[in-house]
Amino acid sequence: MDPVSRPPPRDLALIAVAVAAVSTAAPLIREARAPALAVAFWRNAFAVAVLGPVCAARRRAEIARLAPGPAGGALLAGLFLSAHFATWVPSLSFTTVASSVALVATQPVWAALLARARGHDVPAQAWLGIVVAVGGAVLLTGVDVALSGRALVGDLLALAGGALAAAYVTVGGEVRQTVSTTLYTTICYSTAAAVLGLLCLGGGQALGGFDGRTWLCLLALTAGPQFLGHSVVNRVLRTTSATIVSVAILFEIVGSSFLAWLAFGEAPPAGAYPAAVLIAAGIVLVVLSGRPPDPVPLVD
């Protein structure tokens, strides 16, 4: 797939839904009284509890003919997803939130670099759009520079989190060419849940004993950010490149800021409005830099 081919209108609408859904993640995680990696585990585990029976009932023929290559790709995507959570979430304990969010927002840069490494041409206008969008994310977070060794560890973890998120959507885009959304997400989320569960157990992070409000938040995270967010993103990866998805998802930072304003009375920073304009302009530049996509048969 062309790394910056223009998405069909349907995909643009679905990406908007996904961005709106993942924007609720930060406020919900804040309300959940549970360790961050446990939150990541449960949102994947609950998703598998829903997807598993559906996949077993409706995708038996596809499961029977699933080749080792796509199956391994879906497993790899799940490993990248769990590694993204396992690096970015701990980074918040070592460095500032501003630095962590700004560095994980380098995801589109890594996605474009991965596309280039795989032999795809990334137009200069697309690179410009990526720089503008990432610049908007940095403006919104008000990134600061901490010089301690502990902060450096956190910064490196956040940077790794951005790279791993790019790898997750890049691999997902490849697998989705031949595997349905339902089967792909079932394998991917199952792998992520297994890895995150082992990390929680190995790190002594509690997986239970939460209050009712926390369980409601976990269910909301599954319904919103996981299903309407990640799963819808995985749906559009069939026909929209990982680079464009990675740029568009930066709008989550803006959405989360405004939801925090509504939910917690936290007024957006002064840079929120120009940052939103920059991110939107960056997305437009990237989308317009590519040619219209070739028709692709649907794989639901």
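Each chain has its residues counted from 1, running along the sequence as written. At least 70 in pLDDT is required for a residue's local features to be given in this predicted model, at least 80 for side-chain atom pairs to be given and counted, and no such filter applies to totals for whole chains, interfaces and linings, which use all residues. In computing side-chain values, all of the structure's heavy atoms are included and hydrogens and water are not.

### Here we look at helix α3 (residues 36–58)
And step 1. A run of DSSP states H or I qualifies as a helix once it reaches four residues; a run of E qualifies as a strand once it reaches two. Both are numbered from the N-terminal end. What a helix should span is 1.5 Å times the count of its residues minus one. Here α3 contains 23 residues, and its C-alpha end-to-end distance of 33 Å stays within 8% of the 33 Å for a straight helix at 1.5 Å per residue.
And step 2. Note that the bend at a residue is defined as the angle between axes fitted to the seven residues ending at it and the seven residues starting at it. If you look at α3, its biggest bend is around 30°, right at Leu-51, and the proline Pro-53 turns up within four residues after that.
And step 3. Using a 1.4 Å probe on the protein chains alone, a residue whose accessible area is under 20% of its type maximum counts as buried, one over 50% counts as exposed, and one in between counts as partly exposed. Regarding α3, the residues found buried are Leu-37, Ala-38, Val-39, Ala-40, Phe-41, Trp-42, Arg-43, Asn-44, Ala-45, Ala-47, Leu-51 and Cys-55.
And step 4. Residue contacts are defined here by distance: any two heavy atoms, one from each residue, within 4.5 Å place the two residues in contact. Among the structural elements, α2 (25–31), α4 (60–64), α5 (68–91), α10 (181–203) and α11 (212–236) are those in contact with the buried residues of α3.

### What about the packing of aromatic side chains?
Two descriptors summarise a pair of aromatic rings, namely the distance from one centre to the other and the angle between the planes of the rings.
And step 1. Here a pair means two rings of Phe, Tyr or Trp (six-membered ring of Trp) with centres within 6.5 Å. Their orientation is stacked below 30 degrees between planes, edge-to-face above 60, and tilted elsewhere. Throughout the structure, instances matching the rule amount to five aromatic pairs.
And step 2. Ring centres of Phe-41 and Trp-42 lie 4.9 Å apart, and the angle between their planes is 70°; this geometry places the pair in the edge-to-face category.
And step 3. Among the residues examined, Phe-41 registers a relative accessible area of 15% and is labelled buried.
And step 4. Between Trp-42 and Trp-215, the ring centres sit 5.3 Å apart and the planes meet at 75°, which makes this aromatic pair edge-to-face. Taken together, the residues span a long stretch of sequence, with Trp-42 in helix α3 and Trp-215 in helix α11 at a distance of 173 residues.
And step 5. Residue Trp-215 is classed as partly exposed on the basis of its relative accessible area of 26%.
And step 6. An aromatic cluster is defined as three or more aromatic residues linked by ring pairs; in this entry it consists of Phe-41, Trp-42, Phe-46, Phe-210 and Trp-215.

### A few points about the environment of Leu-259
And step 1. Tracing the backbone through its elements, the reader meets Leu-259 in helix α13 (residues 251–264).
And step 2. The spatial distance from the C-alpha of Leu-259 to the C-alpha of Thr-24 is 7.1 Å, given a sequence separation of 235 residues.
And step 3. Residue contacts for Leu-259: discarding those within four places in its chain leaves Ser-23, Thr-24 and Pro-27.

### A word on the environment of Leu-278
And step 1. Among the secondary structure elements, Leu-278 is positioned in helix α14 (residues 272–288).
And step 2. For Leu-278, a relative accessible area of 32% puts it in the partly exposed group.
And step 3. Spatially, the C-alpha atoms of Leu-278 and Arg-118 are 28 Å apart, while their sequence positions differ by 160 residues.
And step 4. In contact with Leu-278, other than residues within four places in its own chain, are Val-132, Ala-133, Gly-136 and Leu-139.

### Some details on the confidence of the model for the protein chain
And step 1. Summarising the model, the protein chain shows a mean pLDDT of 87, and 91% of its residues fall at 70 or more.
And step 2. Mean pLDDT in the protein chain bottoms out at helix α6 (residues 97–104), which sits at 72, and peaks at α10, which reaches 96. Per-residue confidence from the predictor is given as pLDDT, running between 0 and 100.

### What to know about the packing of α5 against helix α9 (residues 149–175)
And step 1. Contact pair α5 / α9: the axes reach a minimum separation of 8 Å and the direction vectors enclose 160°. Taken together, α5 and α9 sit at an angle that is classed as roughly antiparallel. Between α5 and α9 lies a crossing whose hand is left-handed.
And step 2. Residue composition of the contact of α5 with α9, grouped by class: 18 nonpolar, six polar and no charged. With axes taken as lines fitted to C-alpha atoms, and helix axes fitted only over the stretch in contact, angles between N-to-C directions fall between 0 and 180 degrees. Reported orientations rely on four angle classes, namely roughly parallel under 35 degrees, roughly antiparallel over 145, roughly perpendicular from 65 to 115, and oblique for the rest. For a crossing to be left-handed, the near helix must be turned anticlockwise from the far one by less than a right angle; the clockwise case is right-handed. Asp, Glu, Lys and Arg are counted as charged, while Ala, Val, Leu, Ile, Met, Phe, Trp, Tyr, Cys and Pro are counted as nonpolar; the rest, among them Gly, fall into the polar class.

### Considerations on the nonpolar core
And step 1. Take the buried Ala, Val, Leu, Ile, Met, Phe, Trp, Tyr and Cys residues and link them wherever side-chain atoms come within 4.5 Å; each set so joined is a nonpolar core. Ranked by internal contacts, the top residues of the largest apolar core, which has 74 residues, are Tyr-168 and Tyr-184.
And step 2. Of the residues forming this core, the biggest block, ten residues, is contributed by α3.
And step 3. Setting aside residues up to four positions removed in sequence, Tyr-184 forms contacts with Ala-74, Ala-77, Tyr-168, Gly-172, Val-175, Arg-176, Val-179 and Asn-234.

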